[in-house]
Amino acid sequence: MSTDATDGDDDLKDRVTNFLRRNFPQIQMHGGSAAIQHLDRESGEVTIMLGGACSGCGISPMTIQAIKSRMVKEIPEIEKVNAETGMGDDGGHGGGMSPSFPGDTEGDDGESDEGPQAPF
């Protein structure tokens, strides 16, 4: 790998880290952490691990959804974001529980819904 590619990876990693700090300070304020587990510049894929108080937090699925949707918009090189809480889930898409809200009904209109937006 050339030093230019290494410098580019470091720059991208710094931008992802700064994105998390700038857009999601409440993660750290609430005793959680967000760390880059894997970054592949060629595929544009990044894996983020939420830890600390985020593990088991009821709103972590919304935080993960917000990270995924915002990061691909704000950092052009990132095309796909994987995020986990370390609780054996994949951000609420699989074996983990999804958040529910009063009045929610499943499949009421048959349209796909990305879910609720995080309050931040």
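Residues numbered from 1 in each chain as written. Predicted model: local features only at pLDDT ≥ 70, side-chain atom pairs only at ≥ 80, totals over all residues. Heavy atoms only, no water.

- The name an unreviewed UniProt entry gives the protein chain is NifU family protein, with Halopelagius fulvigenes as the organism.

### Details of the overall build of the protein chain
- A count of helices and strands for the protein chain gives three helices and three strands.
- Ordered by position from N to C terminus, the α and β elements of the protein chain give α-α-β-β-α-β.
- Relative to all contacts within the protein chain whose residues are 6 or more apart in sequence, the contacts with residues 24 or more apart total 57%.
- Carbon and sulfur atoms form 47% of the exposed surface of the protein chain, whose accessible area is close to 7600 Å². (Helix = DSSP H or I, 4+ residues; strand = E, 2+ residues; numbered from the N terminus. Contact = heavy atoms within 4.5 Å. Areas by Shrake-Rupley, 256 points an atom, 1.4 Å probe, with all protein chains shown as cover.)

### A few points about the packing of aromatic side chains
- Counted according to the given criterion, the structure contains one aromatic pair.
- Seen from their ring centres, Phe19 and Phe24 are 6.0 Å apart, and the 65° between their planes marks the pair as edge-to-face. (Phe/Tyr/Trp six-rings, centres within 6.5 Å; stacked < 30°, edge-to-face > 60°.)

### Description of helix H3 (residues 60–74)
- Across its 15 residues, H3 extends 21 Å between first and last C-alpha, which sits within 8% of the 21 Å expected from 1.5 Å per residue.
- All of the buried residues along H3 are Ser60, Pro61, Met62, Thr63, Ile64, Gln65, Ala66, Ile67, Lys68 and Met71. (Expected span 1.5 Å × (residues − 1). Buried < 20%, exposed > 50% of the residue type's maximum accessible area, 1.4 Å probe, protein only.)

### Focus: the pairing of strand S2 (residues 45–52)
- Pairing of strand S1 (residues 32–40) with S2, which is carried by eight bridges, proceeds in the antiparallel orientation. Bridged to Ala35 within S2 is Met49.
- The antiparallel hairpin formed by S1 and S2 contains four residues in its connecting segment, where Gly44 sits at a positive phi of about 75°.
- Sheet topology places S2 next to strand S3 (residues 80–84); five bridges connect them, and they run parallel. Residue pairing in the sheet places Ile48 in a bridge with Ala83 of S3.
- The handedness of the S2 to S3 crossover, carried by H3, is right-handed. (Pairing = 2+ DSSP bridges. Right-handed = clockwise from strand over helix to strand, strands pointing away.)

### What about the sheet that holds S3?
- With mixed pairing, three strands are arranged side by side in an open sheet as S1-S2-S3. In the strand order of this sheet, the two ends are held by S1 and S3, each with one partner. Averaged over neighbouring strand pairs, the angle between their axes works out to 20° when direction is ignored.
- Against the sheet, H3 touches S2 and S3, its axis set at about 160° to S3. (Axes fitted to C-alpha atoms, helices over the stretch in contact; angles between N-to-C directions.)

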